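Each chain, written out:
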Amino acid sequence: MSKIIITCAVTGSIHTPSMSDHLPVTGEEIATHSIEAAEAGAAIIHLHARDPKSGRPSSLAEDFMAFLPTINAKSEAVINISTGGSALMPLEERLAAPFIVEPEMCSLNMGTMNFALYPLAERITDWKHNWEKPFLDNSDDLVFKNTPRDIAYVLDQMGQQRGARFEFECYDVGHLYMLRHFVDRRLVQKPLFIQFVFGVLGGIGADPENLIHMKRIADKLFGDDFEFSVLAAGRHQIPLATMAATMGGHVRVGLEDNLYIDRGQLAKSNAEQVAKIRKIVEELGRTVATPAEAREMLSLKGAENTKF
Ligand code: KMH
Ligand code: ZN
């Protein structure tokens, strides 16, 4: 089996500050969490930005630039910028920062879907900011729009024009077929790095059978032309990542996907989750990829070709 790439998704746009005091929101916090995650073994750092005062997801390039140069200066990690942003943001807003900073990698969500976060509000009694509750409650009517036209636009603008390669976020089996459609249109190049996403309400559930099925269909559609990684939301994070590691896949952890380190115990840092999955995958006999090895495996353009 090839070396295993650990991606750490540091803050995301799903969880809100009231859910954990440890969720990084300021530029300094996001930079510190990212550098520590890289030191713990993450080769790729997947990033969203937040408004430093309110913790609300932000699309402003200045909020990204509050952490990108620091991470770049203090680690070798591959920086992957989300083009999903927040499901509330229109595509142009989600692309504002990636257009300017031209990262080596960016995420690309492979279908339009429901993205229901409202069950997360049930556990919170003390709200830190007044945007949080309506943000979660209104997700019962939220459409995360990623049409074929949107996908083609991101592939052209970020891939063709700016040399980025993609973390293809596939939240269901249908998204694999959409990716295959773009292979057929010759708009994506191998090797594909496909992130199987489990446990988002609106996507496929975090059942082991679903991982087997996603892998089987990906094998059928892409043959030897893809690497797969697994992220699972909440308490499913470590079990499904472990399963991926045994199947020859890569893994993603981080507070974007899960706030906990153990049952009922909040993670104090992203690095804790990286260290935990690293220990597991090494016990399973896999070797963790360095950032240089991840760049080689995924044919990335190199940190020197970014604009931060
Ligand atoms: N939040 C994850 C479920 C993105 O940033 O484009 C998927 C994700 C999407 O990371
Ligand atoms: Zn993300």
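Structural data are supplied above this passage.
What counts and how
Residues numbered from 1 in each chain as written. Chains lettered and ligands numbered in written order. Predicted model: local features only at pLDDT ≥ 70, side-chain atom pairs only at ≥ 80, totals over all residues. Heavy atoms only, no water. Core = buried A, V, L, I, M, F, W, Y, C linked by side-chain atoms within 4.5 Å. Buried < 20%, exposed > 50% of the residue type's maximum accessible area, 1.4 Å probe, protein only. Contact = heavy atoms within 4.5 Å. Disulfide = S-S within 2.5 Å. Near = heavy atom within 4 Å. Polar contact = N/O pair within 3.5 Å; in protein donor to acceptor, adjacent residues only side chain to side chain. Areas by Shrake-Rupley, 256 points an atom, 1.4 Å probe, with all protein chains shown as cover. Phe/Tyr/Trp six-rings, centres within 6.5 Å; stacked < 30°, edge-to-face > 60°. Lys NZ or Arg CZ within 6 Å of the ring centre and 35° of its normal. Donors = N, O, S within 2.8 Å, 3.2 Å for Na, K, Ca; no water. Tetrahedral: all angles 85-135°; square planar, octahedral: opposite > 155°, others 65-115°. Helix = DSSP H or I, 4+ residues; strand = E, 2+ residues; numbered from the N terminus. Axes fitted to C-alpha atoms, helices over the stretch in contact; angles between N-to-C directions. Parallel < 35°, antiparallel > 145°, perpendicular 65-115°, else oblique. Left-handed = near helix turned anticlockwise from the far one by under 90°. Nonpolar A, V, L, I, M, F, W, Y, C, P; charged D, E, K, R; others polar.

(A) Just the nonpolar core, in detail. Grouped together as the largest cluster of nonpolar side chains are 72 residues, with contacts concentrated most on Leu176, Phe196 and Phe198. Apart from the residues within four sequence positions on either side, phenylalanine 196 is in contact with Cys170, Leu176, Leu211, Met214, Lys215, Ala218, Phe228, Ser229, Val230 and Leu231. Counting residues in hydrophobic clusters, the runner-up holds 22 residues, among them Met19, Leu23, Ala121 and Leu231.

(B) The state of the cysteines, seen in detail. On inspection of all chains with the given rule, the structure shows 0 disulfides. With no disulfide of its own, cysteine 8 has cysteine 106 as its nearest cysteine by sulfur position, at a separation of 18 Å. Free of any disulfide, cysteine 170 has its nearest cysteine sulfur in cysteine 106, 14 Å distant. Using a relative accessible area of 0% as the deciding quantity, one classes cysteine 170 as buried.

(C) A look at the site of ligand 1. Looking at ligand 1, there are 14 residues lining it, with His48, Ser82, Ser107, Asn109 and Glu256 nearest. At 2.9 Å from an oxygen atom of ligand 1 is found a side-chain nitrogen or oxygen belonging to histidine 48. Note that a nitrogen atom of ligand 1 is positioned 2.7 Å from one of the side-chain N or O atoms of glutamate 256. Burial of ligand 1 by the protein amounts to 96% of the accessible area it has alone, namely 300 Å².

(D) Here's a closer look at the packing of aromatic side chains. One pass over the full model with this rule turns up 9 aromatic pairs. With a centroid separation of 5.6 Å and an interplanar angle of 40°, the aromatic rings of phenylalanine 166 and phenylalanine 168 are classed as tilted. Ring pairs connect the aromatic residues Phe196, Phe222, Phe226 and Phe228, which therefore count as one cluster. Sitting above the plane of the phenylalanine 99 ring, arginine 162 keeps its charged end 4.1 Å from the centroid.

(E) Representation of the coordination of the zinc ion (ligand 2). Here the zinc ion (ligand 2) is held by the protein donor atoms His46 (NE2), His48 (NE2), Glu256 (OE) and Glu256 (OE), which lie 2.0 to 2.8 Å from it. Viewed at the metal, the 6 donor atoms of the zinc ion (ligand 2) are separated by angles of 50 to 170°, and the geometry they form is irregular. When the donors of the zinc ion (ligand 2) are listed by position in the chain, the intervening gaps give H-x1-H-x207-E. With histidine 48 in the loop between strand E2 (44-47) and strand E3 (49-50) and glutamate 256 in the loop between strand E12 (250-253) and strand E13 (260-262), this residue pair connects regions lying 208 residues apart in the sequence. We note that histidine 48, like glutamate 256, is buried.

(F) Quick look at the packing of helix H7 (residues 173-184) against helix H8 (residues 208-222). Where H7 contacts H8, the two axes come as close as 10 Å, and the packing angle between them is 15°. Between H7 and H8, the angle is such that the two are roughly parallel. Between H7 and H8 lies a crossing of right-handed hand. Here Val173, Leu176, Tyr177, Leu179, Arg180 and Val183 of H7 lie close against H8, whose contacting residues are His213, Met214, Ile217, Ala218, Leu221 and Phe222. Looking at the contact of H7 with H8, its residues break down into 10 nonpolar, 1 polar and 1 charged.

(G) Broad picture of the side chain of threonine 306. Structurally, threonine 306 is set in the segment after helix H11 (291-298). On the accessibility criterion, threonine 306 (12% relative accessible area) is buried. Engagement of the side chain of threonine 306 in a polar contact is seen with the backbone oxygen of alanine 303, the distance being 2.8 Å. Those residues in contact with threonine 306 that lie beyond four places of it in its chain are Asn72, Val101, Glu102, Pro103, Glu104 and Lys301.

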